[in-house]
Amino acid sequence: AGARARHDGESYLVTQTAAFFRVEGTLLSRGVLAASAYLAANGQGIRERIMRLGGIALAAPVYGLLGQNDRTMANRVAFLAFRGMTEDRINVLGREYFDDVLKGKTLQSGIDLLKRAKQEGHTTVLLSESIEEIVGPLRELLPDVDHMVCNHLEYKDNECTGRLLDPIIGGHETRRWVTRYAEEHDIDLSRSVAYAAHGPDLLLLAAVGHPCAVNPDYTLRRAAEEAEWPVMEYRV
């Protein structure tokens, strides 16, 4: 039987459930900064590479400081080094990074978890703080994925501005996105599941009835223990 939810004062029946996966940490062992550094290191010409890698070097400690408290700003900082790079170039390098690096960094236990969620009848949704040009091809490897949302760079006249378009996945906006998704697809969040690995994903996990911390960092592990959420470890 379905559950009843309310929106704008009206009650409606929801019968579907979803399984939300934060890609970084549950399905992939590489994060945003590694991808940004790869693209920066492959800029056109030595001068451009040095400039962009310098930007990444400056952004890294800021990203680390902001990572647990303001993931939205941290992700904005991580992609600033792409400013001035053409859309075509980012597309090419993003695909190269996926083929050369990310394919080999998928976590088999996470893929098995995704398959199980699909077999149990959940709508499977991937949430990634990386950009479409890098993480988009992941859909080709994971046929059990129903929907995927990630971050998108802003372009003007085929040139990247260095800005991310809203909403930014990875920060507090993630929970709002999940809530809207549930309303639009008649998803009962109280019967849905979510898997995540990082402290900033607490709001995502708290949005569903069955949260699970996967390979959690210190912040998420502590919160999961206090909330008595299940914890999974499958690092290899």
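Details of the structure are given in the entry above.
The following refers to the structure shown. In this numbering scheme, every chain counts its residues from 1 along its sequence in written order. Only residues with pLDDT of 70 or above have their local features reported here, since the model is predicted, and side-chain atom pairs are shown and tallied only from 80 upward, although totals for entire chains, interfaces and linings are computed over all residues. Remark: hydrogens and water are excluded; side-chain values derive from all non-hydrogen atoms of the structure.

Only Phe, Tyr and Trp rings are paired, with Trp represented by its six-membered ring, and only when their centres lie within 6.5 Å; those with planes under 30 degrees apart are stacked, over 60 edge-to-face, the remainder tilted. Across all of its chains, the model carries four aromatic pairs by this definition. Ring geometry for Trp177 and Tyr181: centres 5.1 Å apart, planes at 20 degrees, overall stacked. Placement of both Trp177 and Tyr181 in helix H9 (residues 173–184) is noted, with a separation of four residues, approximately one turn of the helix. The residues Trp177 and Tyr181 share a single accessibility class, namely buried. Where helices and strands are cited, they refer to DSSP runs of H or I of at least four residues and of E of at least two residues respectively, numbered from the N terminus. Each residue's exposure class comes from its accessible area (1.4 Å probe, protein chains only) as a fraction of the maximum for that residue type: buried when under 20%, exposed when over 50%, partly exposed otherwise.

Now for helix H11 (residues 218–227). Taken residue by residue, H11 has Leu220, Ala223 and Ala224 as its buried positions. Viewed end-on, H11 has its buried residues packed into an arc of 100 degrees, placing them on one side of the element. Seen from the buried face of H11, the exposed residues on the opposite side, beyond 90 degrees, are Tyr218, Glu225 and Glu226. Residues of H11 that are buried make contact with strand S8 (193–196), helix H10 (202–206), strand S9 (210–214) and strand S10 (231–232). Following H11 by one or two positions, Glu228 has its phi on the positive side, about 60 degrees. As used here, the arc belongs to the directions running from the helix axis to the C-beta atoms. Contacts are assigned to residue pairs with any non-hydrogen atoms lying within 4.5 Å of each other.

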